[in-house]
Amino acid sequence: MKQAFIHSFLVSIVPLLLGLGFLSSCENDKNKKLRIGFSQCVSNDAWRRTMHEEMYRELSFYPDLSLEIKDAGGNSQIQIQQIREFQKQGVDLLIVSPNESEPISAIVEEIFHSGTPVIIVDRKINSNLYSAYVGGDNYEIGITAGQYINNLLRGKGSILEIWGLRGSSPARDRHRGLLKALEGTEIEIVSQIEGEWEKDTARNGLKAHLLQNEYPEFDLVFGHNDVMTIAANEVCRELGIFDKIFVGVDALPGPFGGIQAIADGVLHATFFYPTGGDKAIEIAHKILSGEDVEKENILQTAAVDLSNIRIMKQQTDRIISQQLNIVRQKEMIDSQLEIYQSQRGLLIVLAITLFVAIVSLAYIFKSLKDKQEINQELRQKNEEVILQQQKAMEYAKKAEEATRYKLEFFTNISHEFRTPLTLIQAPVEDLIQNKEAMAFKNDLLLIRKNTYRLLRLVNQLMDFRKIDNNKMMVKASSQALVPFLEEIMSVFQKTASDNQIHFRLMAENPNIQLWFDPVMMDKVIFNLLSNSFKFTPKKGFIHIHIDEDPLNHEILIRVEDNGPGMMHEDVSHVFDRFYQGNPGNRKQGTGLGLALSKELLELQHASIQVKSEPGEKTVFEIRLKMGNRHFEAGQLLTNSMDNQVLEHDIFFPDQDTLTPKDGKKDASLQHCILLIEDDREIRKYLKSKLEPYYKVIEAEDPDIAFSIATDELPDLITCDLMFQNGNGLDLIKKIKAEPLTEAIPIIVISAKTTPEDQLLGIKTGIDDYITKPFSISFVLERIKTLLANRSQLKKHFLHELPIDTSSSTAHSIDKKFVTVFTLLIEENLHNPHFGVNEICREIGLSRGQLYRKTKSVLGYSVNDYINKVRLKKAKYLLLQENESISDISHKVGFSTSAYFSTVFKNAFGITPSEYREGNLKDKN
Ligand code: FRU
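Small disclaimer: the values here were computed from a predicted structure and weren't measured. (Residues numbered from 1 in each chain as written. Predicted model: local features only at pLDDT ≥ 70, side-chain atom pairs only at ≥ 80, totals over all residues. Heavy atoms only, no water.)

Caption draft 1: Molecular detail of the overall build of the protein. Scanning the protein from N- to C-terminus turns up 31 helices and 26 strands. Relative to its full complement of 924 residues, the protein shows a buried share of 44%. (Helix = DSSP H or I, 4+ residues; strand = E, 2+ residues; numbered from the N terminus. Buried < 20%, exposed > 50% of the residue type's maximum accessible area, 1.4 Å probe, protein only.)

Caption draft 2: Geometry of the sheet that holds strand E14 (residues 502-507). A sheet is described by the order of its strands in space; here five strands give the open sequence E14-E16-E17-E19-E18, paired in mixed fashion. Two strands bound the open sheet, and with one partner strand each, they are E14 and strand E18 (607-613). Geometrically, the sheet is characterised by an average inter-axis angle of 15 degrees between neighbouring strands, direction not taken into account. As paired strands, E14 and strand E16 (residues 541-549) are joined by six bridges and run parallel to one another. Note on E16: the bridge partner recorded for Arg504 is His543. Strands in contact with helix H13 (residues 481-490) are E14, E16 and strand E17 (554-561); relative to E14, the strand with the most contacts, it is inclined by about 170 degrees. (Pairing = 2+ DSSP bridges. Axes fitted to C-alpha atoms, helices over the stretch in contact; angles between N-to-C directions. Contact = heavy atoms within 4.5 Å.)

Caption draft 3: Here's a closer look at helix H7 (residues 199-210). When the terminal C-alpha atoms of H7 are compared, their 16 Å separation across 12 residues agrees well with the 16 Å that a helix rising 1.5 Å per residue should span. For H7, the complete set of buried residues consists of Ala202, Leu206, His209 and Leu210. Angular distribution of buried residues about the axis of H7 spans 90 degrees; they occupy a single face of the element. Residues of H7 that are buried sit in contact with strand E6 (156-163), strand E7 (186-194) and helix H8 (226-238). (Expected span 1.5 Å × (residues − 1). Arc of directions from axis to C-beta.)

Caption draft 4: The environment of Leu721, seen in detail. Following the sequence through the fold, Leu721 ends up in the loop between strand E22 (716-719) and strand E23 (722-723). Assessed through its relative accessible area of 6%, Leu721 is described here as buried. In this structure Leu721 touches Asn727, Gly728, Leu729, Ile732, Val748, Ser750, Lys752 and Tyr769, once residues within four positions along its chain are discounted.

Caption draft 5: Main features of the pairing of strand E15 (residues 513-516). Because side chains alternate across E15, one face comprises the buried residues Leu514 and Phe516, and the other comprises Gln513 and Trp515, none of which is buried. As paired strands, strand E13 (residues 477-480) and E15 are joined by four bridges and run antiparallel to one another. The residue of E15 that forms the bridge with Ser477 is Phe516.

Caption draft 6: Representation of the environment of Asp278. Following the sequence through the fold, Asp278 ends up in helix H10 (residues 277-288). Using a relative accessible area of 29% as the deciding quantity, one classes Asp278 as partly exposed. Along the backbone, Asp278 and Leu59 are 219 residues apart, and their C-alpha atoms lie at a distance of 8.0 Å. With near-sequence residues (within four places) excluded, Asp278 lies in contact with Glu54, Met55 and Glu58.

Caption draft 7: How the structure looks around the site of the ligand. The full set of residues close to the ligand is Asp45, Trp47, Arg48, Asp122, Arg123, Pro170, Arg174, Trp197, Asn225, Asp250 and Tyr273. Interatomic distance of 2.9 Å between a side-chain N/O atom of Asp122 and an oxygen atom of the ligand. One nitrogen or oxygen atom from the side chain of Arg174 is found 2.9 Å from an oxygen atom belonging to the ligand. The fraction of the free accessible surface of the ligand (310 Å²) that becomes covered by protein chains is 99%. Elements with a contribution of two residues or more to the shell around the ligand: helix H2 (46-59) and helix H6 (169-182). Classifying every residue of the shell around the ligand gives four nonpolar, one polar and six charged. (Near = heavy atom within 4 Å. Polar contact = N/O pair within 3.5 Å; in protein donor to acceptor, adjacent residues only side chain to side chain. Areas by Shrake-Rupley, 256 points an atom, 1.4 Å probe, with all protein chains shown as cover. Nonpolar A, V, L, I, M, F, W, Y, C, P; charged D, E, K, R; others polar.)

Caption draft 8: Fine view of unusual backbone geometry. Positive phi values are uncommon outside glycine, yet His605 reaches one of about 60 degrees. Considering the arrangement of structural elements, one finds His605 in the loop between helix H17 (593-603) and E18. Positive phi values are uncommon outside glycine, yet Leu713 reaches one of about 45 degrees. Within the secondary structure, Leu713 is located in the loop between helix H21 (702-712) and E22. Judged by its relative accessible area of 4%, Leu713 is buried.

See below:
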């Protein structure tokens, strides 16, 4: 992916870079101009300026050429110096217009020898070691001028000659040509003035000449150039000499040039002498371009006078305007070039910007692509992580479910274990007390011990379940710590003395009061002591120390023994659930007791630690907080040990707890108890324990149990909650919904021990909840209490007859039955035939049901009760005075007043009239 991107990036970018490179290299090539150095002898005259203009004009056709002009100011030495400077600069070509021939020749030869092309213009040197010469033929000009003068003077006359610089070739050649042309004529050069090509030099020289007293007469002035000749004309005019003829050389256009001077009559004639500036540049370009050139480039000349001045002027004017046009166009071209240059610069900037933009875009595109790829990868990874998380969650859920099933399984198994264990425990207890079984007492004690061991394990498993489900509630109360511990210790005393173990409690302060949950703490201490007794050898010691730590506001309970101790590894795991410890240890535990102890202590904001020195001793240290601020309000019990059965009580009961203290004399065989329990063994066991005191009916199936309850209307029902074919709670609800049975007290005896189970039972309307394994004496006690309460209720109803329904002490359900029952009797009181049949029909009960219900609630037969109501009403009416006894007897349902008197006397010992009289007397 990345390689593909780089490839496409290079394919798109490299041509652009190459293009730009080419553009800029062209630019460099163009900028790298060929340099021409021009050594000008003098440049302060019009002719030289014209030469320069022509050169620059020509140069505009060759943008690759550059030109630098150095002006020697008419000084040959300076010119030599300047030529050397050009040499040093390393010009590509040298143009020289020598001031004088002789002094300049050597340096030109030297340059030429060094390989630099040299073009000589206008004036010549004394050597032919140059690349090319450009200039007019000055000898020819001299001849042409001489011939023109000869014609003008008609072969006779005198000439005043104004010389150019004598060392310069044009001056020499023009003079030579003039002499040549004048040969054989009568024209003579009478005076020669040194003008040195300069206007002022010529003027001064001529003026001085003419101001002499005597100077040779002359007809014509021939100046080697126009400027000197025009100056001569001016001098003559100044001096009042007007008859002279002036002939010059150059024929320059322009206001101060020779052509204008002809037109103005200042000069008579002049000879066109081209500067050759343009030609020199053209030749230079050819040389530098490697083209062959003519070495001698002689420029054409022509005479200009009044005969051709018009044409010449027109031509020169046109040339001037063309030159101006050219200059303008050049300027336009230059400005276009400038625009082009700036646009090209802009283009380059744009190209660079575009390039940068493309590169940036490419980079951004690449980054985006990379980001997309990374995002894609991240998305994939994220999806994988989510999938893994989901899987992990599924596994966790499965594991949680598995744990839940395991715990449920444990709990169910525990339930299953409890019943048979209870069934082993109870008869064993009986047998231990049975003198006939004395021979087996040791075996029986062993059975009992192991039964309790198993029961404890089952209880511990169930405690764990409660802790895990946050259903293990703390019920803390203030306890006297030392007696509490001593009581637990007492159950181990026999084992201690049997094994000669020094078993002591050592307390700094024997009166310590401490807040804790006694049930939980009992389990903890019982566990620690069981553990110590398991490992402590004969003649060893087990000490319990109680110390106060006022600084930390804590009480320390230390259980110390000199058992074999634990390895370091075991110490750090001893409180882990199901930790088995060193497999080599024969006395391995279940891994339940210590773990449970720790968790029970933590529930009470207490802690436990263990320190062990193998072969020396082991110390378990419990730290309990003083006061009760660490408990929540709902965890505090003010009534310390009410209704709480401690573990050590269950597992080491008093020898006489199984014998009912009140015996047969307090119980009444008239009371009937229905035992609803589908475990035959438990049912039989309970029956055997209840039979000495009560009439017992058994039911193992909930449906059968219900019909027995409605038929027999027992005085009390004990009921299990878990049946193989039915639910105990449903049965109880059914019993409570039935008017006949709703008032029967129900005691649940169940292996379901959670507070929720108990609460559910209470809500259903049960009177008591006893958990398995149960203490039979406790069951007997509860039955006795409930039945006694019920007798009280019965008495209450009878006492209050006819019923006062506002009584708050009456049992609401029984009260309802009694109210309906009594109301029915009262409504039919006048009817002597009103009896059991009528009531059964009205209430919807069978005779037997009505009989049992009346008997159980009121303690009377139906007829007895009707009679009691009739008599009670009669008593009331007898006190009203205004009715006869006969009327009253009919009103309360007696067919004759005699029968009424007999029944009344039987009941109260006096006749109705005696009753009325007695009461009237009392009133009076
Ligand atoms: C200009 C000039 C011209 C003349 C030429 C000769 O400096 O004097 O007038 O023709 O030089 O070199």
